[in-house]
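# Secondary and tertiary structure notes
Okay, here's what each chain looks like letter by letter:
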Amino acid sequence: MARILVTGGAGYIGSVTRYALEMRGHEPVVVDNLSRGYRESVPSGLLHVLDTRDKGALVKLLKEQRVDAVIHFAAYIAVGESTKRPEVYFENNVSGSISLFEAMVEAGVKYLVFSSTAAAYGTPQRVPIAETEPLAPINPYGESKVMVEKVLQWLDRYRDFRSICLRYFNACGAEPEAGLGERHDPETHLIPLILQAVVTGKPVTIFGDDYDTPDGTCIRDYIHVSDLAHSHILAIESLLAGGESNVFNVGTGEGHSVKEVIAAVERVTGKKVPFTLGPRREGDPPRLVADPTRLKEKLGWKPERADLDRIVSDAWKFASAAPS
Ligand code: UDP
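All values reported here derive from a predicted model rather than from experimental measurement.

Of all the six residues making up strand S2 (residues 27–32), five are buried; the element is thus mostly covered by neighbouring parts of the structure. Pairing between strand S1 (residues 3–7) and S2: five bridges, direction parallel. The partner of arginine 3 across the bridge, within S2, is glutamate 27. Crossover connection from S1 via helix H1 (residues 12–23) to parallel S2: handedness right-handed. Pairing of S2 with strand S3 (residues 47–49) involves three bridges; the strand directions are parallel. Across the sheet, the residue bridging to aspartate 32 is valine 49, located in S3.

Strand order in the open sheet made by the three strands is S12-S9-S14, with mixed pairing throughout. What marks the edges here is a single partner per strand, and that holds for strand S12 (256–257) and strand S14 (287–288).

Before going further, it helps to spend a moment on H1. Since there are 3.6 residues in each turn of an α-helix, residues three or four apart along the chain are aligned in direction. Here H1 contains twelve residues, and its C-alpha end-to-end distance of 17 Å stays within 8% of the 16 Å for a straight helix at 1.5 Å per residue. When you tally the buried positions in H1, you get ten out of twelve residues, the bulk of the element. All buried positions along H1 are accounted for by Tyr12, Ile13, Gly14, Ser15, Val16, Thr17, Arg18, Tyr19, Ala20 and Leu21. Of the surrounding secondary structure, the elements contacted by the buried residues of H1 are S1, S2, strand S4 (69–72), strand S6 (162–168), strand S7 (170–172) and helix H7 (225–240).

Attention now moves to the nonpolar core. In globular proteins that are soluble, nonpolar side chains generally tend to be buried together. Among the nonpolar cores identified, the biggest contains 66 residues, and Ile13, Val113, Leu166 and Ile191 are the most heavily contacted of them. With eight residues, H7 is the single largest residue contributor to this core. Ranked by size, the runner-up nonpolar core spans 24 residues in total, among them Leu50, Leu112, Phe114 and Val247.

Across the sheet, seven strands lie side by side as S3-S2-S1-S4-S5-S6-S11; this open sheet has parallel pairing. Each edge of the open sheet is held by one strand with a lone partner, namely S3 and strand S11 (246–250). Neighbour-to-neighbour, the strand axes of this sheet turn through a mean angle of 20°, independent of strand direction. Both S1 and S4 contribute to a ladder of four bridges, which runs parallel. Bridge assignment links valine 6 to a residue of S4, and that residue is isoleucine 71. The sheet contacts of helix H5 (residues 140–158) involve strand S5 (111–117), S6 and S11, and relative to S5 the element is tilted by about 155°.

Definitions and cut-offs
- Residues numbered from 1 in each chain as written.
- Predicted model: local features only at pLDDT ≥ 70, side-chain atom pairs only at ≥ 80, totals over all residues.
- Heavy atoms only, no water.
- Buried < 20%, exposed > 50% of the residue type's maximum accessible area, 1.4 Å probe, protein only.
- Helix = DSSP H or I, 4+ residues; strand = E, 2+ residues; numbered from the N terminus.
- Pairing = 2+ DSSP bridges.
- Right-handed = clockwise from strand over helix to strand, strands pointing away.
- Expected span 1.5 Å × (residues − 1).
- Contact = heavy atoms within 4.5 Å.
- Core = buried A, V, L, I, M, F, W, Y, C linked by side-chain atoms within 4.5 Å.
- Axes fitted to C-alpha atoms, helices over the stretch in contact; angles between N-to-C directions.

What follows is the structure, encoded as structure tokens:
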């Protein structure tokens with residue numbers, strides 16, 4: 001059992017990971033500035049409202065709470081917004097991370113799991129994508145994550161500081177029993193938008209149906225947030241046991257098109273999804289699917305909820321229970 005600081009623990013993936021840590025018998029401590037997260041996603045008593053750029057406060061917290069390791073989620077995550085306000089993304093995501101790493105060095109905490117992204121690969125040459133694929137982000141969000149990964153490589157080399165970077169594919173689904181799921185404002189992600197369309201009757205737009213894919217719509221690797229959370233637990237436990245720094249893709253290895261996701265929502269909800277066909281969204285590669293072999297082999301990870309209907313069903317249960 002370890003005491004683990006979860007930054008961004010009031011956000012979507014952070015809150016589900018906090019919950020998974022508790023289920024595993026660890027003791028999470030949460031930091032969130034609540035700029036995008038939700039207070040009610042964290043049990044009272046665990047939440048420390050502060051910004052990762054406040055290095056002094058972090059050092060104090062790490063020492064007072066006798067933290068063994070950190071899982072770092074706190075970041076802005078909207079690709080579209082990052083193209084409109086790049087400097088804000090670098091300031092928040094890169095400066096916030098460096099401040100955290102400085103605090104960890106000062107407090108003597110040397111294990112970190114970092115929330116990275118498949119956006120680090122940009123438009124990949126080879127799909128399924130292995131970790132060896134060149135890093136070539138095509139938006140400031142992806143670049144901000146690559147920059148932090150590079151800082152971590154140097155810390156591994158010149159400090160007593162081990163880290164694992166997890167490059168997420170499309171996180172989705174929910175932990176409905178724990179009341180935790182996806183709630184972004186504004187929402188830009190496909191599954192919550194389709195569910196909203198079912199509820200409101202306002203059509204969701206399919207961004208392009210002229211891609212070189214079997215049904216013409218984009219293919220993504222949709223990974224259940226609880227399987228994603230589990231990869232963080234395996235990663236932090238591996239570091240705490242003396243394992244090496246590494247980088248892993250976290251995806252199921254299977255792709256689904258936008259139209260397949262719509263069909264899954266229709267099966268699960270028993271309702272028709274109203275949709276319209278729109279133009280392609282800028283910067284959307286046709287196919288992004290992980291090769292998760294390294295994660296399976298090195299950390300023994302296996303997705304337990306990879307079935308698309310299961311993912312949609314959990315997201316639907318969460319959305320149906322949510323007040324909004
Ligand atoms: N998408 C769509 N309509 C929407 C939102 C998303 O057709 O309103 C498509 C998008 O083009 C992509 C997939 O759904 O192919 C997943 O998009 P999302 O924004 O959820 O995640 P991303 O792949 O950008 O990380």
